[in-house]
Every structure is written in C-alpha cells, then in structure tokens.
Amino acid sequence: MRATSFPNSTIGVIPIPYRGRTIKYPGDRTYPEWAIQLYDDKTVGFRDKFVQWQEQFNEHVSNVPGNSTSLDLRANRHVHFVDWVVEMLDLEGNTVRSCRLINCWPMDISPYDLTYDANDRLNEYSITLAFDYIDFGNRGSINTGFFGTRDETGTNASEATP
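Described in the following lines is the structure provided in the data block. As the structure is a prediction and not an experimental result, all values here were calculated from the model.

Structural notes on the overall build of the chain
- Along the backbone of the chain there are 2 helices and 10 strands.
- When the elements of the chain are put in sequence order from the N terminus, they spell out β-β-β-β-α-α-β-β-β-β-β-β.
- Taking as baseline every contact in the chain between residues at least 6 positions apart, the subset at least 24 positions apart corresponds to 54%.

A word on the nonpolar core
- Membership of the largest hydrophobic core comes to 19 residues, with the highest contact counts inside it found for Trp 34, Ile 36, Phe 50, Trp 84, Leu 101, Ile 127 and Leu 129.
- Taken together, the elements giving at least two residues each to this core come down to strand S4 (34–39), helix H1 (46–55), strand S5 (82–89), strand S6 (95–109) and strand S7 (124–130).
- Here this core takes 4 residues from S6, the largest share from any one element.
- Those residues in contact with Trp 34, other than ones at most four positions away along the chain, are Thr 4, Ser 5, Phe 6, Pro 7, Trp 84, Val 86, Leu 101, Ile 127, Thr 128, Leu 129 and Phe 131.

Some details on the side chain of Thr 128
- Along the chain, the position of Thr 128 falls in strand S7.
- The contact partners of Thr 128, leaving out residues within four places of it in the chain, are Glu 33, Trp 34, Ala 35, Trp 105, Pro 106, Met 107 and Asp 108.

With respect to the side chain of Asn 103
- In this fold, Asn 103 is placed in strand S6.
- Relative accessible area serves as the criterion here: at 17%, Asn 103 is assigned to the buried category.
- A polar contact of 2.8 Å, which involves the side chain of Asn 103, links it to the side chain of Asp 132.

Observations concerning the environment of Phe 136
- Looking at the element boundaries, Phe 136 is found in the loop between strand S8 (133–135) and strand S9 (142–143).
- On the accessibility criterion, Phe 136 (53% relative accessible area) is exposed.
- Expressed as a C-alpha distance, the spacing of Phe 136 and Ser 98, which sit 38 residues apart in the sequence, is 6.8 Å.
- In this structure, Phe 136 is in contact with Phe 6, Ser 98 and Cys 99, ignoring residues within four places of it in sequence.

Cut-offs applied
- Residues numbered from 1 in each chain as written.
- Predicted model: local features only at pLDDT ≥ 70, side-chain atom pairs only at ≥ 80, totals over all residues.
- Heavy atoms only, no water.
- Helix = DSSP H or I, 4+ residues; strand = E, 2+ residues; numbered from the N terminus.
- Contact = heavy atoms within 4.5 Å.
- Core = buried A, V, L, I, M, F, W, Y, C linked by side-chain atoms within 4.5 Å.
- Buried < 20%, exposed > 50% of the residue type's maximum accessible area, 1.4 Å probe, protein only.
- Polar contact = N/O pair within 3.5 Å; in protein donor to acceptor, adjacent residues only side chain to side chain.

Encoded structure:
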C-alpha cells in the first residue's frame, strides 16, 4: 500500500428554527467511500484480485454477475460483501488504532498509466471501497474475501497452526 487515510464518518445537521436562531441537532451518520492507493506488483496481483471481486457483481463481457450460483446479492451477502480491518501502526508495527469496515466492496478500480515517461518508479493505482458502516469494537474473526480470513490478532486464520 502506498497511502490512504483513516476511514471517516459524518453526522448530518438538522437545522431547527427557534425564536430567530437556528438550533442544530445531530442527524443521520453517513460513511463516504474510502480510497486507498496501491503500488502495482505483478507477483502479488492485488489489482487482479480486486477485478475478480468486482466481476462477482458484473462481468465485463457477459454483463451479468460472475458467479451464477450467487446471483441473489441479498441471500449471498457474505460472498460478495466482506468486512475489512484497517489498522494504523506505530514504527514498531504495533496497532495504535483499528476499525472494521462492514460489508465492504470495491466500487472503483482506477487505471494506471502505461507510458515510457514514468522512469524509476512503480505504477500506482487507487481502489475506492464502499461500505455500510464502521465498527470500532471487538473484531473477532473476520471474512476478508479474496484476501483470506484473519482472527482478532491480525493472523491469517487460514495459515494459523492449531
């Protein structure tokens, strides 16, 4: 990963006129999309995994969901929408702050330039993720879709020893 920001949320304002003044009450909480910037790495293939994930919703050629056995997005929500953990680390690699993005999915995969002008640097691209809400509580075991399953310590549960 090259760069990102910690996901945010916004609480809207309900203005109520009262005796010539406007009193502001908190309204609905909204969660804007979250963008991450990645380096292109052909050995790991993150971009390909994001494209495969997106094709579950709509394939480029057939214009239908990629997995015909899971066409109903509501019934198979666990297949298409995953929970992602975002961790802010200190210089020693210890978690300072973390949150979980609930029902996350990639809504945009940006292109990257194919040019000879870009000497001495890696290709970069960004992914924009949509999600339902942020959970700052206990994480437990988390389904991260194509990226494996992680337990609350951050260990990849599929590789953990019993």
